[in-house]
Amino acid sequence: MRYLNQLLASVALLLVALSAQAATGVFPKSTFDNLDYGLYWFGYGDSWQKAVPGQSNAYYNTSKPTILYVHGWQNGATARQSRETFNRKDAGGPDLDLANSWLNAGYNVGILYWNQFADEGEVKDAEAKIWTASGPKAMRWRNSAGNYSNGPSKSAADLLFDSYKANLAGYTGSNIRIAGHSLGNQMAIVLTKKISDAVNAGTVSSKLLPKRVALLDPFYSNWGKSYLGNKWVGEVCRTYVSELKTKGVIFEAYRTSAATSTVFVGDANTGLLKMTAFTELKPWYFQSWQQAEKHNAAVWHYLWSHSFNAPAISGSSLLGASAKTSDSRIKDLMNGSKKLVHDLGAYSKEPSDDTFKLQNR
């Protein structure tokens, strides 16, 4: 009984870890009183402007390379009037604007929000909304008073796809990257699949197909889902990633916690990770029980890593994976037979001293 209680307590902590901490005070209360979702462009210091089709935006240029972030589960975030942004100090990260390096390098920097749909007490209820509008909780959304209202008749992925294609319709650049954290990695994969299908159908420009997708401490729940024909979400994601790779999309993945790899909480989905440029980060500056902080480290470590040179691999002249690593090198790692494991720098938060070693997948 004691072991069972310890196990249940561990599972509860891991589930808490999946719901990311978010910034407060960046958005007005009205953003949480009413349903609000879709693409927001960001400037320095967490300044922002919502993307509206046909309207100019101070933080968006049609020809620039683009990085878009997608968050995951948001249990309780609406009542706190909080949303994830590019300062992650509330999630154990540095008190820095992690968009700076990207902006200085000439990127458009944006976030695709679906936070009010993702505000559910059960992670699988939020997960279902990525895939279908008729899941256990349909598409209900939560307001700042904690109350739910009936939502649209489209899935969250369809809603974000609509926002994406409408606001990037005139995009002329050649490099779009999407980074999805935790449950948001599924959103990143599904969204990329929808974009690819639209490109194939000739309804959107091929320039809108993401060149690179980063899966940050990715989460997939266990067991088959009726809305997927009793397939596991991880199984369907593997099918999508396999297809998207043939379209030229490059995938990288980073694992930082046990929250996404324990059988008691989710599907480790090792088969999918083997299809990517996969890195095991070791955020040993946190204690073993600080799974929430470790889970969130995947986001800020990746964003921050763009500020530094690509990391070294011990005993090799080749480079490891980070946000700064070139697309061609990430592609080589994706198509190789090795994974990267944190070697040096595991006890410091700043990515500048990270080195990695190669191990068999």
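Everything numeric here is computed off the predicted structure, so don't read it as measured data.

Draft legend 1. Molecular detail of the pattern of salt bridges. Scanning all chains against the criterion turns up 17 salt bridges. Ionic pairing is found between R140 and E120, a salt bridge with its closest N-O pair at 2.7 Å. Within this pair, whereas R140 is found in the loop between α4 (123-131) and β7 (141-142), its partner E120 is found in the loop between β6 (108-113) and α4, the two being separated by 20 residues in sequence. When its relative accessible area of 23% is taken as the criterion, R140 is described as partly exposed. D327 serves as the salt-bridge partner of K211, at 3.6 Å between the closest nitrogen and oxygen. With K211 in the loop between α6 (184-201) and β10 (212-216) and D327 in helix α10 (residues 327-334), the pair connects residues that are 116 residues apart, well separated along the chain. The structure contains a network of salt bridges with shared partners spanning K211, R212, E252 and D327.

Draft legend 2. Quick peek at the sheet that holds strand β14 (residues 338-344). Strand order across the open sheet formed by eleven strands is β3-β2-β6-β4-β9-β10-β11-β12-β14-β15-β13, with mixed pairing between neighbours. The strands lining the two open edges of the sheet, one partner per strand, are β3 (48-50) and β13 (312-313). Along the sheet, α10 makes contact with β9 (176-181), β10, β11 (250-255), β12 (277-280), β13 and β14, crossing β11 at roughly 75 degrees.

Draft legend 3. Looking closely at the packing of aromatic side chains. With the rule as written, the count across this model stands at 17 aromatic pairs. Here the aromatic rings of Y254 and Y302 are separated by 5.3 Å at their centres, their planes lie at 55 degrees, and the arrangement is tilted. With Y254 in strand β11 and Y302 in helix α9 (residues 291-305), the pair connects residues that are 48 residues apart, well separated along the chain. The exposure class assigned to Y254 is buried, which follows from its relative accessible area of 4%. Taken together, the ring pairs connect Y285, F286, W300, W304 and F308 into an aromatic cluster. If you follow R140 out to its NZ or CZ, it ends over the ring of Y148, 3.5 Å from the centre.

Draft legend 4. Examining the pairing of β14 more closely. Where β12 meets β14, two bridges bridge the pair, whose relative direction is parallel. Its bridge partner being in β14, E280 is matched across the sheet by V341. Of the strand pairs in this sheet, β14 and strand β15 (residues 355-360) are connected by six bridges, and their pairing is antiparallel. Residue pairing in the sheet places V341 in a bridge with K357 of β15.

Draft legend 5. Unusual backbone geometry, seen in detail. In this model, D46 sits at a positive phi of 60 degrees, which is unusual for a non-glycine residue. Of note, D46 is situated in the loop between β2 (38-42) and β3. What makes D46 buried here is its relative accessible area of 12%. A positive phi is found at S182, a non-glycine position, where the angle reads about 55 degrees. Here S182 is to be found in the loop between β9 and α6.

Draft legend 6. Representation of the environment of K294 within the structure. Positionally, K294 belongs in helix α9. Overall, the relative accessible area of 10% leaves K294 in the buried class. Excluding anything up to four places from it in sequence, K294 contacts T256, S257, P283, F286, Q287 and S288.

Basis of the calculations
- Residues numbered from 1 in each chain as written.
- Predicted model: local features only at pLDDT ≥ 70, side-chain atom pairs only at ≥ 80, totals over all residues.
- Heavy atoms only, no water.
- Salt bridge = Lys/Arg side-chain N within 4 Å of Asp/Glu carboxyl O.
- Helix = DSSP H or I, 4+ residues; strand = E, 2+ residues; numbered from the N terminus.
- Buried < 20%, exposed > 50% of the residue type's maximum accessible area, 1.4 Å probe, protein only.
- Pairing = 2+ DSSP bridges.
- Contact = heavy atoms within 4.5 Å.
- Axes fitted to C-alpha atoms, helices over the stretch in contact; angles between N-to-C directions.
- Phe/Tyr/Trp six-rings, centres within 6.5 Å; stacked < 30°, edge-to-face > 60°.
- Lys NZ or Arg CZ within 6 Å of the ring centre and 35° of its normal.

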